[in-house]
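Spelled out, the chains give:
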Amino acid sequence: MRHVLLELSFVGTAYHGWQVQDNAVSVQRTVQDAIERITGVRAGLTGCSRTDAGVHARRFFCAFFTESAIPAAQLPRALTAVLPFDVAVRRAWEVPASFHPRYSVAQKEYAYLIHNAPQRDPFLHERAWEYRPPLDAERMQAQGQAFLGKQDFAAFCAAGSSVRDTVRTVTNLTVERRGDLVELRVRADGFLYNMVRIIVGTLVSFGAGETRLAPVEEILASRDRRRSGPTAPACGLYLDRVWYAPEWETAGVPVQRPEENERTAEGETDRR
């Protein structure tokens, strides 16, 4: 039995998230269908994260066990040929049976795109948050630095989540404007339900000049979701990068190196 790891990219607009759901199209089920067409057997498929409806991924990892003799190097082309246009397999390789695409993760990085202009951009439809009022990206960046470090993010977790441990470690957060596009990036060892989207909504409120919100440090300390800003739309969110624990380097997967955090810092319950 072989254990095959796939690296995917997908546009999440047409999907109700990664995970299989009754009466809804998911990325997981779509990839399972493709694997069944190519190998002749329906395989269980484990993903590195549970993205929500409408969320995209530039780099997403998933793994399955198979008795198929098809070489891993041939799977990206074969699977992509039978997948919809909005899902592609970038790479495939064999990994040890003990490797887990979710629980072996060391860090993830999400990107969030905001198109900040008076008029919408049709090329960014469902790919970015179309936000009209002017945003002060520098103020967003300044407030965002309060998220760095190991902290309790209960105030930035969607209501109704069953997770008990709300402590996460954010190692990098940047907000950068490039013309009409404002991009936020946040890297952490794990994320709570809607955590990135609530962080984005909060920083956008600051960037738009909102004065009723307390400083981020006070919101974090309150552990009260009602104190933070709105939840940003899913359409602007991308799972951008994933790193695994260093012990998996010999398996050929991308691993997290301490020096990479040092460069960018110049910053299982429900590890989403």
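Residues numbered from 1 in each chain as written. Predicted model: local features only at pLDDT ≥ 70, side-chain atom pairs only at ≥ 80, totals over all residues. Heavy atoms only, no water.

A. Spotlight on the overall build of the chain. Counting its regular elements, the chain contains six helices and 10 strands. On C-alpha atoms alone, the chain measures out to a radius of gyration of 19 Å, which is about the 19 Å that the 2.2 N^0.38 rule sets for 272 residues. For the chain, the spread of C-alpha atoms along the principal axes amounts to about 60 × 40 × 35 Å. The proportion of buried residues among the 272 residues of the chain is 54%. Carbon and sulfur atoms form 49% of the exposed surface of the chain, whose accessible area is close to 12,600 Å². Put simply, the chain has 34 plus and 33 minus side-chain charges, and the middle of one group is 3 Å from the middle of the other. (Helix = DSSP H or I, 4+ residues; strand = E, 2+ residues; numbered from the N terminus. Rg over C-alpha atoms; globule rule 2.2 N^0.38 Å. Buried < 20%, exposed > 50% of the residue type's maximum accessible area, 1.4 Å probe, protein only. Areas by Shrake-Rupley, 256 points an atom, 1.4 Å probe, with all protein chains shown as cover. Lys, Arg positive; Asp, Glu negative; His and termini not counted. Charge placed at Lys NZ, Arg CZ, Asp CG, Glu CD.)

B. Structural view of helix H2 (residues 75-82). All of the buried residues along H2 are Leu-75, Pro-76 and Leu-79. All buried residues of H2 project into a common sector of 95° when viewed along the axis, lining one side. Among the exposed residues of H2, those oriented more than 90 degrees off its buried face are Arg-77 and Ala-81. Residues of H2 that are buried sit in contact with strand E1 (2-10), helix H1 (27-39), strand E3 (56-66) and strand E4 (87-94). (Arc of directions from axis to C-beta. Contact = heavy atoms within 4.5 Å.)

C. Here's a closer look at the side chain of Glu-183. With respect to the element layout, Glu-183 can be found in strand E9 (residues 181-188). A distance of 3.2 Å separates a polar atom in the side chain of Glu-183 from a polar atom in the side chain of Arg-185. Ignoring anything within four residues of it in the chain, the contact list for Glu-183 reads Ala-111, Tyr-112, Leu-113, Thr-174, Val-175, Glu-176 and Arg-178. (Polar contact = N/O pair within 3.5 Å; in protein donor to acceptor, adjacent residues only side chain to side chain.)

D. Structural context of the pattern of salt bridges. Evaluation of the coordinates by the stated rule reveals 19 salt bridges. Between Arg-132 and Glu-130 there is a salt bridge, with the nearest N and O atoms lying 3.3 Å from each other. Here Arg-223 and Asp-152 are joined by a salt bridge, their closest N and O atoms 2.6 Å apart. Highlighted residues: Arg-223 in the loop between helix H5 (216-222) and strand E10 (237-244) and Asp-152 in strand E7 (residues 149-152), separated in sequence by 71 residues. Since its relative accessible area comes to 22%, Asp-152 is described here as partly exposed. (Salt bridge = Lys/Arg side-chain N within 4 Å of Asp/Glu carboxyl O.)

E. Focus on the packing of aromatic side chains. The full count for this structure, using the stated rule, is 12 aromatic pairs. Arranged with centres 6.3 Å apart and planes meeting at 90°, the rings of Tyr-112 and Trp-129 form a pair that is edge-to-face. Note that Tyr-112 is positioned in strand E5 (residues 105-116) and Trp-129 in strand E6 (residues 129-131), a separation of 17 residues in sequence. One exposure class covers both Tyr-112 and Trp-129, and it is buried. Their ring planes at 20° and their centres at 6.3 Å tell us that Phe-147 and Phe-153 sit as a pair that is stacked. (Phe/Tyr/Trp six-rings, centres within 6.5 Å; stacked < 30°, edge-to-face > 60°.)

F. Examining the nonpolar core more closely. One finds Leu-6 and Ile-114 to be the most contacted residues of the largest nonpolar core, which totals 79 residues. Looking at this core element by element, the count peaks at eight residues for helix H4 (residues 195-207). If sequence neighbours within four positions are ignored, Ile-114 has contacts with Trp-129, Tyr-131, Leu-135, Met-140, Asp-180, Leu-181, Val-182, Val-200 and Val-204. Ranked by size, the runner-up nonpolar core spans six residues in total, among them Leu-113, Ala-128, Leu-181 and Tyr-238. (Core = buried A, V, L, I, M, F, W, Y, C linked by side-chain atoms within 4.5 Å.)

G. Fine view of the confidence of the model for the chain. A residue-level look at the chain finds 94% of positions with pLDDT of 70 or above and a mean pLDDT of 92. The weakest mean pLDDT in the chain belongs to helix H6 (residues 258-264) at 46; the strongest belongs to E9 at 98. Between residues 261-271, whose pLDDT stays under 50, and residues either more than four places distant or in other chains, the model counts 34 contacts. (pLDDT = per-residue confidence, 0-100.)

H. Region of interest: the side chain of His-3. Mapped onto the elements of the fold, His-3 is located in strand E1. One polar contact links the side chain of His-3 to the main-chain carbonyl oxygen of Pro-96, over a distance of 2.9 Å. Once you skip the residues sitting within four places of it in the chain, His-3 turns out to touch Ala-63, Phe-64, Phe-65, Trp-93, Glu-94, Val-95, Pro-96, Ala-97 and Phe-99.

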